[in-house]
Amino acid sequence: MNYQKTALQILKDKVSRENIDLVLEEWNNFIEHGDKKDRSNLTGLVKEINDKLYKIKASK
């Protein structure tokens, strides 16, 4: 299943400068997956989302 459009639409609709700190906290917990680092190799969609989140953070 291709969730790319869904993931990017959620990011667009739900993430803002006002809630970016909370979103990044949750995102980083997801990426680290309990310190297992199994999601820490950022590629494709994960890297795109990560870059967009930090771009929002930088515009704060």
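Below, the structure is looked at part by part. (Residues numbered from 1 in each chain as written. Predicted model: local features only at pLDDT ≥ 70, side-chain atom pairs only at ≥ 80, totals over all residues. Heavy atoms only, no water.)

### What to know about helix H2 (residues 20-32)
Compared with the 18 Å implied by 1.5 Å per residue over 13 residues, the 18 Å span of H2 between its first and last C-alpha is a close match. Those residues of H2 not exposed but buried are Ile20, Leu24, Trp27 and Ile31. An end-on view of H2 places all buried positions within 65° of arc, on one side of the element. Of the surrounding elements, those touching the buried residues of H2 are helix H3 (44-58). Within two residues after H2, His33 carries a phi angle of roughly 45°, on the positive side. (Helix = DSSP H or I, 4+ residues; strand = E, 2+ residues; numbered from the N terminus. Expected span 1.5 Å × (residues − 1). Buried < 20%, exposed > 50% of the residue type's maximum accessible area, 1.4 Å probe, protein only. Arc of directions from axis to C-beta. Contact = heavy atoms within 4.5 Å.)

### Notes on the side chain of Asn50
Structurally, Asn50 is set in helix H3. Relative accessible area serves as the criterion here: at 13%, Asn50 is assigned to the buried category. In terms of polar contacts, Asn50 uses its side chain to reach the side chain of Trp27, at 2.8 Å. (Polar contact = N/O pair within 3.5 Å; in protein donor to acceptor, adjacent residues only side chain to side chain.)

### Notes on the pattern of salt bridges
Going through the model one piece at a time under the given rule, you end up with two salt bridges. Here Lys57 ties to Asp21 by a salt bridge, and the two come within 2.4 Å at their closest N and O atoms. Of this pair, Lys57 sits in helix H3 while Asp21 sits in helix H2, placing them 36 residues apart in sequence. Close ionic contact of Lys47 with Asp51 constitutes a salt bridge, the shortest N to O distance being 3.0 Å. You can see Lys47 and its partner Asp51 sitting in helix H3, four residues apart, about one turn around the helix. (Salt bridge = Lys/Arg side-chain N within 4 Å of Asp/Glu carboxyl O.)

### Side note on the environment of Asp21
On the accessibility criterion, Asp21 (37% relative accessible area) is partly exposed. Sequence spacing of Asp21 and Tyr54 is 33 residues, and the spatial spacing of their C-alpha atoms is 9.9 Å. When near neighbours in sequence (up to four residues on either side) are disregarded, Asp21 contacts Lys57 and Lys60.

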